[in-house]
Every structure is written in C-alpha cells, then in structure tokens.
Amino acid sequence: MLSPEVLLTFFAASLLLGIAPGPDNIFVLTQSAVYGVRAGLVTTLGLVTGLCVHTTAVALGVAAIFQTSPLAFTILKCAGAAYLLYLAWMSFRAGALLAHTPGGGAAFPGYAALYRRGIVMNVTNPKVTLFFLAFLPQFCNPVLGGVVVQVLTLGTLFMLATVLVFFSVAVLGGRLALWFNRSQRGQILVHRAAGLVFAGLAVVLLFTGP
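Treat the numbers as computed from the prediction; the structure is a model and nothing was measured.

Now for the overall build of the protein chain. Tallying secondary structure elements over the protein chain gives nine helices and zero strands in all. What you see in the protein chain, going N to C, is helices and strands ordered as α-α-α-α-α-α-α-α-α. With 210 residues in all, the protein chain has 46% of them scored as buried. Taking all contacts inside the protein chain whose residues are at least 6 apart in sequence as the whole, residues at least 24 apart take part in 85%. With the model as given, the accessible surface of the protein chain reaches about 10500 Å², and the carbon-plus-sulfur share is 73%.

Printed below as a string of structure tokens:
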C-alpha cells in the first residue's frame, strides 16, 4: 500500500495539473457557458468516466499499444478530432439558427448527450492515455506489490482532483451562461465562440504527436 505522503503528493500534483489550462477544462467551461452550470457538472462526470477507461488501460498495460503503435495512435487521434469538428459544426449551426429565429433560445441537447460528449471527448484523446502511462507509474512502488491496485488507487485520486477542479470551472461557466443568456445576441456569440474552441482543439489534437 502506498504511503500517505506519496498519496498526498500525488493528489496535490493532480490538482495543479487539473488547474492548468487544457482541452478538458476548456471543454467544461464551454459547455457550462452555453448551457449552464448543471451542464458543466454533467460534462465533468462524462470526462471522469473517460478517465476510468484510461486508468484501467494503464493498469492492464493496454495503453502501451498506443505508445508503440503509431497507427493506433493516429486512428484514435483522428477519431477525436473528427468528433470535435462535429461539435464545432453543431455549435456554429446552433448560432446560425438563433440568428434567424427572433426570440428563440439555445436548443439544449439533454444531460445524457452532454455526458456522452464528455466520455467521447476524453476517451478519444490518446494524449491522456500516454499521460497516464507516463505519470501514474512514477508514484508506484513495485516493491510493495500489487502494482495494478496502486495504479487504480492513483487513478481514483486523480479523478477526485479532476472533479474538484472541473466542478469549480463549471460554476464559473454557469455564471457566464447567466450573463450571455440575457440576450439572444449573447447566446449567438457564445455558440460561435464554442464552435471556434472545438475547431481549435481539433486542430491541436491533429497536429500533436505521441
């Protein structure tokens, strides 16, 4: 079993990594700014579910495939970028519909859809898998045995830190939603901004290597 000192150090490092600007917290901020704080919270739960997949992959050694197979890495990366471009198109389309619908409001996709968005956004980002593969083992101690259990424990702590940080981001985004949703023009602006963010994340994902 890992010592309390190691677990505390890992948790602190995870909090700092969660605070650092990245695709996931930008995604939470965007969704909560468009649809409100609850939408951001649900999106966070989807992202954390994706982290469960990455943690399990590292624990079972599957993540090593993406480190050694350029083809597998590229396929997953392209799938993630394609999904982000789809979300960008949906956001631009929503903004265009609002612009041609006097007095209309933003179409809410539903919490289940937002939850799925969070899962797909996280799982299709191979950089997260490689990050976990590089980050989690540094805090494991093979001498103590049960490396799989250690990885799962650290992954759970990382998810807890992610929830704390991203929930805070969702609350901030929810405040922005209250301000933007006061007018139709504000809603159009935030949808178009979200579309640009999603398109930008897709481009960044496409042009990053393993």
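Take helix H6 (residues 111-123) next. Taking 1.5 Å per residue, 13 residues should reach 18 Å; H6 reaches 18 Å between its end C-alpha atoms and fits that length. Regarding H6, the residues found buried are Ala-113, Leu-114, Arg-117, Gly-118, Met-121 and Asn-122. Each buried residue of H6 lies within a common arc of 160 degrees when the element is viewed along its axis, so the set occupies one face.

Now for the confidence of the model for the protein chain. A residue-level look at the protein chain finds 82% of positions with pLDDT of 70 or above and a mean pLDDT of 79. Looking over the protein chain, one finds the lowest element-wise mean pLDDT in helix H4 (residues 63-68), namely 67, and the highest in H6, namely 91. Under a pLDDT of 50 for its full length, residues 99-105 has, in the predicted model, 10 contacts with residues more than four places off or in other chains.

This paragraph deals with the UniProt feature "transmembrane region" (unreviewed entry) in the protein chain. UniProt records the feature "transmembrane region" (unreviewed entry) at residues 45-66, 71-89, 95-116, 128-151, 157-177 and 189-208, using the numbering of this structure. As annotated, residues 128-151 comprises 54% helix and 0% strand, and the C-alpha atoms at either end are separated by 15 Å.

This next bit is on the nonpolar core. Counting 22 residues, the largest nonpolar core has Phe-10, Phe-132, Leu-136 and Leu-154 as the members making the most contacts within it. Taken together, the elements giving at least two residues each to this core come down to helix H1 (4-19), helix H3 (37-60), helix H7 (126-135) and helix H8 (147-180). Excluding its chain neighbours within four sequence positions, the residues that come into contact with Leu-154 are Leu-2, Leu-7, Phe-10, Leu-136, Phe-139 and Cys-140. Grouped together as the second largest cluster of nonpolar side chains are 19 residues, Leu-47, Leu-87, Phe-166 and Leu-201 included.

This paragraph deals with a nonpolar patch on the surface. Taken together, the side chains of Val-203, Leu-206 and Phe-207 define a hydrophobic patch exposed on the protein surface, amounting to about 320 Å² of accessible area. Residue position: Phe-207 is located in the segment after helix H9 (184-206). By relative accessible area, Phe-207 is classed as exposed at 71%.

Scoring rules and cut-offs
Counting restarts for each chain, with residues numbered from 1 along the sequence as it is written. Confidence filtering applies because this is a predicted model: local features only for residues at pLDDT of at least 70, side-chain atom pairs given and counted only at 80 or more, and all residues used for totals across whole chains, interfaces and linings. In computing side-chain values, all of the structure's heavy atoms are included and hydrogens and water are not. Here a helix means four or more residues in a row that DSSP labels H or I, a strand means two or more in a row labelled E, and each is numbered from the N terminus. Here's how the labels work: a residue is buried when its accessible area is under 20% of the maximum for its type, exposed when over 50%, partly exposed in between, all with a 1.4 Å probe on protein chains only. In this description, contact between two residues means that some pair of their heavy atoms is separated by no more than 4.5 Å. Shrake-Rupley sampling with a 1.4 Å probe provides the accessible areas, and residues are treated as covered by the protein chains on show and by no other component. Expected span of a helix: the number of residues minus one, times 1.5 Å. To be clear, the arc concerns the directions from the helix axis to the C-beta atoms. For every residue, the predictor assigns a confidence score, pLDDT, that lies between 0 and 100. UniProt positions are given in the numbering used here, feature names are shortened, and annotations may be inferred rather than shown by experiment. Only buried residues count toward a nonpolar core. Its members are Ala, Val, Leu, Ile, Met, Phe, Trp, Tyr and Cys residues joined through side-chain atoms within 4.5 Å. Nonpolar side chains (Val, Leu, Ile, Met, Phe, Trp, Tyr) within 5 Å and like charges within 9 Å form the patches, drawn only from residues with over 30% relative accessible area and no salt bridge. Here a salt bridge means any side-chain nitrogen of Lys or Arg lying within 4 Å of a carboxyl oxygen belonging to Asp or Glu.

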